[in-house]
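Here are the chains, one letter per residue:
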Amino acid sequence: MQVSLSARNKLIADLRRQGITDERVLEIMQKLPRHEFVDESWRAEAYKNKPLPIGQSQTISQPYIVALMTQALLEGDRPRKRVLEIGTGSGYQTAVLAELGISVFSVERLKALSEVARERLRALGYRNVHFGYNDGNAGWASHGPYDGILVTAAAASVPQPLLDQLDKHGRLVIPVGPPQNQVLRVIDRGARSFDTRELATVSFVPLLEGRA
Ligand code: SAH
């Protein structure tokens, strides 16, 4: 579809302008059908660089943020083969990780969203994704440790189980802070300690407790 193709090209050009340089990420986001991850009524907006509602008061993240987090996860020489994602939502970020050949373990606390995402990714043909319906504050210990953990909801503070489930040299990418004042943190597990840097100010829905 011509309209969709030019909208996608424009989105990728936007991401480049905003500083996304990882060609693997750009290529995947160019071809991934984001319109399949939102309701029919939002499809016309699907290739704009903005978050969109996905029901249950949640949003599919802005493409720039998905690209930024994925790029931050991949940066450097360490392979990221097993990745835990907290906050499946629409499954869009999950699909980006799966397209990279990563084994993805994705946890969502809202049953309705988890089920829709699971069905969607199955229909799209992904086999390397495992879905958990749970409170992601606890991580997913039975499948850990992970080379990478990506959290797509903002935590008040970094949950200890996520740090515990990072493999040696594993990396956690997580937004931290109250609603109006969140920063995206990149935390690397070193031999003896954790090394933290801050990447950007961001605006995510909150990481909540329990499941529903
Ligand atoms: N990556 C998703 C973003 C969805 S928004 C996408 O691109 O579509 C954040 C998601 O995190 C929401 O679906 C929300 O329900 C979920 N979430 C919030 N707190 C959570 C928790 N404690 N455990 C698991 N998921 C959580």
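Here, the structure is the one placed above.
Residues numbered from 1 in each chain as written. Predicted model: local features only at pLDDT ≥ 70, side-chain atom pairs only at ≥ 80, totals over all residues. Heavy atoms only, no water.

Brief notes about the site of the ligand
Not every one of the 26 residues close to the ligand is listed here, only the nearest: S90, E108, D135, G136 and L208. Contact between the ligand and D135: a nitrogen atom at 2.9 Å from a side-chain N or O atom of the residue. At a separation of 2.7 Å, a nitrogen atom of the ligand approaches a polar backbone atom of G136. When the ligand sits alone it has 580 Å² of accessible area, and the protein chains cover 99% of it. Its atoms largely coinciding with the cavity grid, the ligand occupies the largest pocket. (Near = heavy atom within 4 Å. Polar contact = N/O pair within 3.5 Å; in protein donor to acceptor, adjacent residues only side chain to side chain. Areas by Shrake-Rupley, 256 points an atom, 1.4 Å probe, with all protein chains shown as cover. 1 Å grid on protein atoms, 1.4 Å probe; cavity = no way out; pocket = protein on both sides within 12 Å on 5 of 7 lines; lining within 4 Å. Sits in = over half its atoms within 2 Å of the grid points.)

Concerning the side chain of E108
Along the chain, E108 falls in strand β4 (residues 103-108). Of the buried charged residues, E108 lacks a salt bridge, with R109 as the closest side chain of opposite charge at 6.1 Å. For E108, the side chain forms a polar contact with the main-chain nitrogen of G89, separated by 2.9 Å. A distance of 2.9 Å separates the side chain of E108 from the backbone nitrogen of L110, its partner in a polar contact. Look past the residues within four positions of E108 in its chain and what remains in contact with it is G87, T88, G89, L113, S114, G132, Y133 and N134. (Helix = DSSP H or I, 4+ residues; strand = E, 2+ residues; numbered from the N terminus. Buried < 20%, exposed > 50% of the residue type's maximum accessible area, 1.4 Å probe, protein only. Lys, Arg positive; Asp, Glu negative; His and termini not counted. Salt bridge = Lys/Arg side-chain N within 4 Å of Asp/Glu carboxyl O. Contact = heavy atoms within 4.5 Å.)

Details of the nonpolar core
The tendency in soluble globular proteins is for nonpolar side chains to be buried as a group. L15, M29, L32 and Y92 are the most contacted members of the largest nonpolar core, which totals 47 residues. Residue assignment for this core shows that the elements contributing at least two residues are α1 (2-17), α2 (23-31), β1 (52-55), α3 (63-74), α4 (92-99), α5 (111-123), β5 (129-133) and β8 (182-189). For this core, the element with the highest residue contribution is α3, accounting for nine residues. Not counting chain neighbours up to four residues away, the residues in contact with M29 comprise I12, L15, P63, V66, A67, Y92 and V96. (Core = buried A, V, L, I, M, F, W, Y, C linked by side-chain atoms within 4.5 Å.)

Here we look at the pattern of salt bridges
All told, the structure shown has 11 salt bridges when counted by the stated rule. In this structure, the salt-bridge partner of E40 is R43, at a minimum N-O distance of 3.7 Å. Salt-bridge contacts for K48 lead to E45; the nearest nitrogen and oxygen are separated by 3.2 Å. On the basis of relative accessibility, which here comes to 42%, the residue K48 falls in the partly exposed class. What you see here is one network of salt bridges that share partners, running through E45, K48 and K50.

Quick look at the pairing of β1
Bridging between β1 and strand β2 (residues 58-60) involves three bridges; their strand directions are antiparallel. When the bridges of β2 are listed, P53 appears paired with T59. In textbook terms, the turn of a hairpin is the stretch between consecutive antiparallel strands, and for β1 and β2 this stretch comprises two residues, one of which, Q56, has a positive phi near 60 degrees. (Pairing = 2+ DSSP bridges.)

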